[in-house]
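One-letter residues, chain by chain:
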Amino acid sequence: MTAKTNNNHYMIKVNVGGYSSFVKDAEYQNYVKKALEAYDVLQSEKGAGNDFLGWKTLPSETPESLIADCEAVRDSWKAKGVNLVIVIGIGGSYLGAKCAIEALSHCFVEPATKVVFAGNNLSEEYLAELLDLAKTRNTAVVVISKSGTTTEPAVAFRIFKEFVEQTYGKKEAAERIVAITDAARGALKTLSTQEGYKTFVVPDNVGGRFSVLTPVGLLPIVLAGFDIRALLKGAADEREELLKKGPQNAAVEYAAMRNLLHTENGKAVEILVTYNPKLTYIAEWWKQLYGESEGKDGKGIYPASVTNTADLHSMGQFIQEGSRIMFETVISVEKANRSVVIGTDPQNLDQLNFLAGQHVEHCNAMAQLGVKVAHIDGGVPQLEVGIEKIDEYNLGALFYFFEFACGVSAYLLGVNPFNQPGVEAYKKNMFALLRKPGYEAQTEEILKRI
């Protein structure tokens, strides 16, 4: 196990003990050696995809002026009475912000400014119902797209741009729309210049799935009312820990073990497990990060997720006794932010008085340990990635840990972590079926195949 601290801050912990009965120590040490070689490739910045390594230094190099600009948008819209922000983007242009906001928000009490997401699907019902909400609120829009022509966000932005202009007038709409896009080119940049939108830049050297610590993630998170300075501080402190090369480096341990299980033990699926519903969208962000970074050239570990204990009553049977194709990585949270104690019932009809006086989180922790033993006994290796609690600081550390470990793991696997050539395949077919100009010749051929 590695336990990291920096300036008295709790850092990421990795516990590989749940794998001990599945791998030989000599095998693991061999993969640690390979992971250290992959670490050197990442740090040398000479590996495949090295044009997209800007994320590595973001936590410590984000200027105060950028943070102040994000806060200025928040304050300006607050002065206008904005209480609904529609963030339009897909993939990495929304998942980081979405998972941070979900993790940090109250599960049931609506915030003063509600941040919602569009442009990540083509569901007409979803967009129509979001329009219903926007009509009852004081609305502003953040649109995130490098090009401005990606179909899903472009469709959503066309719809909500029209709504904002019709509702508030074209001049006021320009103050209620912010674009996060390319610095100099692309359809969205051109439109922003024409309309006078406030813009933020998506750095050229940061890919979408690594962009949560750029304005792509920072602006929506601050608009939702959260502390992006603490988020960046957590990421910066974790970066300092991961710069310490060695076999005890948490990213090296994680990359080594997951690749060992995949390559030598035939484990094709990694399940990211959480025991707090606030972290459900962390798993969605993680699935894109690892799926898009490693799933290429006929290689990769399939990323899946469950949220326990709920999913123990749906997926638990398969994990316990189904095909032995998987291993688990559990995000373990040491401290709860709230306290609820189980009381005593005089009748004890539910037979739970033995829990009287216990915190609910204690029960959750014992469920987690019980599952660990059961799944290991059932042939499912389990690794733990630990954070102290759910807050901005720890989320920043977790974001950076998974990003850095992803680079190491993908290089160990032998793929370019920073491209995604397969993502374009469906788009060509969709454009042909929609009869987009320039794709007509492919339409009939595709129709024959379906």
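In the block above lies the structure referred to throughout.
Below or above, wherever it landed, is the structure these notes cover. It should be emphasised that the depicted structure is a prediction, and the values quoted were computed from it without experimental measurement.

## Some remarks on the overall build of the chain
- When you go through the chain residue by residue, the secondary structure sums to 17 helices and 11 strands.
- When each of the 450 residues of the chain is scored for burial, the buried share is 50%.
- Counting only contacts in the chain whose residues sit at least 6 apart along the sequence, the fraction spanning at least 24 positions is 78%.
- With an accessible surface of roughly 20400 Å², the chain has 52% of that area assigned to carbon and sulfur atoms.

## Considering the pattern of salt bridges
- Applying the stated criterion to the full structure yields 27 salt bridges.
- Arg-229 is the salt-bridge partner of Glu-71, the closest N and O atoms lying 2.5 Å from each other. Linking Glu-71 in helix H3 (residues 64-79) with Arg-229 in helix H10 (residues 228-242), this pair joins segments that are 158 residues apart in sequence.
- Judged by relative accessible area, Glu-71 falls into the buried class, the value being 17%.
- Between Glu-172 and Lys-80 there is a salt bridge; the shortest N-O distance is 3.0 Å. Of this pair, Glu-172 sits in helix H7 (residues 170-175) while Lys-80 sits in the loop between H3 and strand E3 (84-88); the two residues are 92 residues apart in sequence, bridging distant segments of the chain.
- Owing to a relative accessible area of 22%, Glu-172 belongs among the partly exposed residues under this scheme.
- Because the salt bridges share partners, they merge into one network encompassing Lys-80, Glu-172, Glu-175 and Arg-176.

## Here's the deal with a negative patch on the surface
- A cluster of like negative charges, contributed by Glu-124, Glu-125, Glu-129 and Asp-132, occupies part of the molecular surface.
- Looking at the secondary structure, you find Asp-132 in helix H5 (residues 124-134).

## As for helix H11 (residues 250-265)
- The end-to-end C-alpha distance of H11 is 21 Å, a good match for the 22 Å that 16 residues give at a rise of 1.5 Å each.
- Capping the start of H11, Asn-249 holds a side-chain oxygen 3.0 Å from the backbone nitrogen of Ala-251, two or three residues further along.
- Downstream of H11 by a residue or two, Gly-266 has a phi angle that is positive, lying close to 70°.

## A few points about the packing of aromatic side chains
- Per the counting criterion, the structure on display carries 18 aromatic pairs.
- Between Tyr-254 and Tyr-290, the aromatic rings sit 6.1 Å apart at their centres with planes inclined by 80°, giving edge-to-face as the arrangement. Of this pair, Tyr-254 sits in helix H11 while Tyr-290 sits in helix H12 (residues 280-294), placing them 36 residues apart in sequence. Here the two residues Tyr-254 and Tyr-290 agree in accessibility, since each one is buried.
- Taken together, Tyr-39, Trp-55, Phe-210, Tyr-400, Phe-404, Tyr-411 and Phe-418 form an aromatic cluster joined through their ring pairs.
- A cation over an aromatic ring shows up here: Lys-34 above the ring of Tyr-31, its NZ or CZ 4.4 Å from the ring centre.
- Over the face of the ring belonging to Phe-200 we find Lys-198, whose NZ or CZ atom lies 5.2 Å from the ring centre.

## Considerations on the nonpolar core
- One finds Trp-55, Leu-219, Phe-401 and Phe-402 to be the most contacted residues of the largest nonpolar core, which totals 98 residues.
- Per element, the largest residue contribution to this core is 14 residues, and it comes from helix H15 (residues 392-413).
- In contact with Phe-401, other than residues within four places in its own chain, are Ile-12, Val-14, Glu-238, Leu-242, Ala-250, Ala-251, Tyr-254 and Val-385.
- Residues Val-116, Ala-134, Ala-156 and Ala-179 belong to the second largest nonpolar core, which totals 21 residues.

## Looking at the packing of H3 against H10
- Two elements in contact, H3 and H10, have axes separated by 11 Å at closest approach and are oriented at 145°. Between H3 and H10, the residues in contact are Glu-64, Ile-67, Cys-70 and Glu-71 and Ile-228, Arg-229 and Leu-232, respectively.
- Within the contact of H3 with H10, the residues separate by chemical class into four nonpolar, no polar and three charged.

## Focus: the pairing of E3
- For E3, the tally of buried residues reaches five of five residues, placing the bulk of the element in the interior.
- Burial along E3 is two-sided: Leu-84, Ile-86 and Ile-88 and Val-85 and Val-87, pointing in opposite directions, are all buried.
- Between the parallel pair E3 and strand E4 (residues 114-118), the chain is carried across by helix H4 (residues 95-104), and the sense of this crossover is right-handed.
- In this sheet, strand E5 (residues 139-144) lies alongside E3 in parallel orientation, the contact comprising five bridges. Within E5, the residue paired with Leu-84 across the bridge is Thr-139.

## A closer look at the sheet that holds strand E7 (residues 198-201)
- If you trace the five strands from one edge of the open sheet to the other, you get E4-E3-E5-E6-E7, paired in parallel fashion. Strand pairing shows two members of the sheet lacking a second neighbour, E4 and E7, which therefore form its edges. Taking the axes of each pair of neighbouring strands and ignoring which way they run, one obtains an average angle of 20° across the sheet.
- Along the sheet, H3 contacts E3, E5, strand E6 (177-181) and E7; its crossing angle with E7, the most-contacted strand, is approximately 150°.
- Each of E3, E4, E5, E6 and E7 touches helix H9 (residues 215-223); the most contacted strand, E6, lies at about 150° to it.

The rules behind each value
- Residues numbered from 1 in each chain as written.
- Predicted model: local features only at pLDDT ≥ 70, side-chain atom pairs only at ≥ 80, totals over all residues.
- Heavy atoms only, no water.
- Helix = DSSP H or I, 4+ residues; strand = E, 2+ residues; numbered from the N terminus.
- Buried < 20%, exposed > 50% of the residue type's maximum accessible area, 1.4 Å probe, protein only.
- Contact = heavy atoms within 4.5 Å.
- Areas by Shrake-Rupley, 256 points an atom, 1.4 Å probe, with all protein chains shown as cover.
- Salt bridge = Lys/Arg side-chain N within 4 Å of Asp/Glu carboxyl O.
- Patch = residues over 30% accessible without salt bridge, like charges linked within 9 Å, V, L, I, M, F, W, Y side chains within 5 Å.
- Lys, Arg positive; Asp, Glu negative; His and termini not counted.
- Charge placed at Lys NZ, Arg CZ, Asp CG, Glu CD.
- Expected span 1.5 Å × (residues − 1).
- Polar contact = N/O pair within 3.5 Å; in protein donor to acceptor, adjacent residues only side chain to side chain.
- Phe/Tyr/Trp six-rings, centres within 6.5 Å; stacked < 30°, edge-to-face > 60°.
- Lys NZ or Arg CZ within 6 Å of the ring centre and 35° of its normal.
- Core = buried A, V, L, I, M, F, W, Y, C linked by side-chain atoms within 4.5 Å.
- Axes fitted to C-alpha atoms, helices over the stretch in contact; angles between N-to-C directions.
- Nonpolar A, V, L, I, M, F, W, Y, C, P; charged D, E, K, R; others polar.
- Right-handed = clockwise from strand over helix to strand, strands pointing away.
- Pairing = 2+ DSSP bridges.

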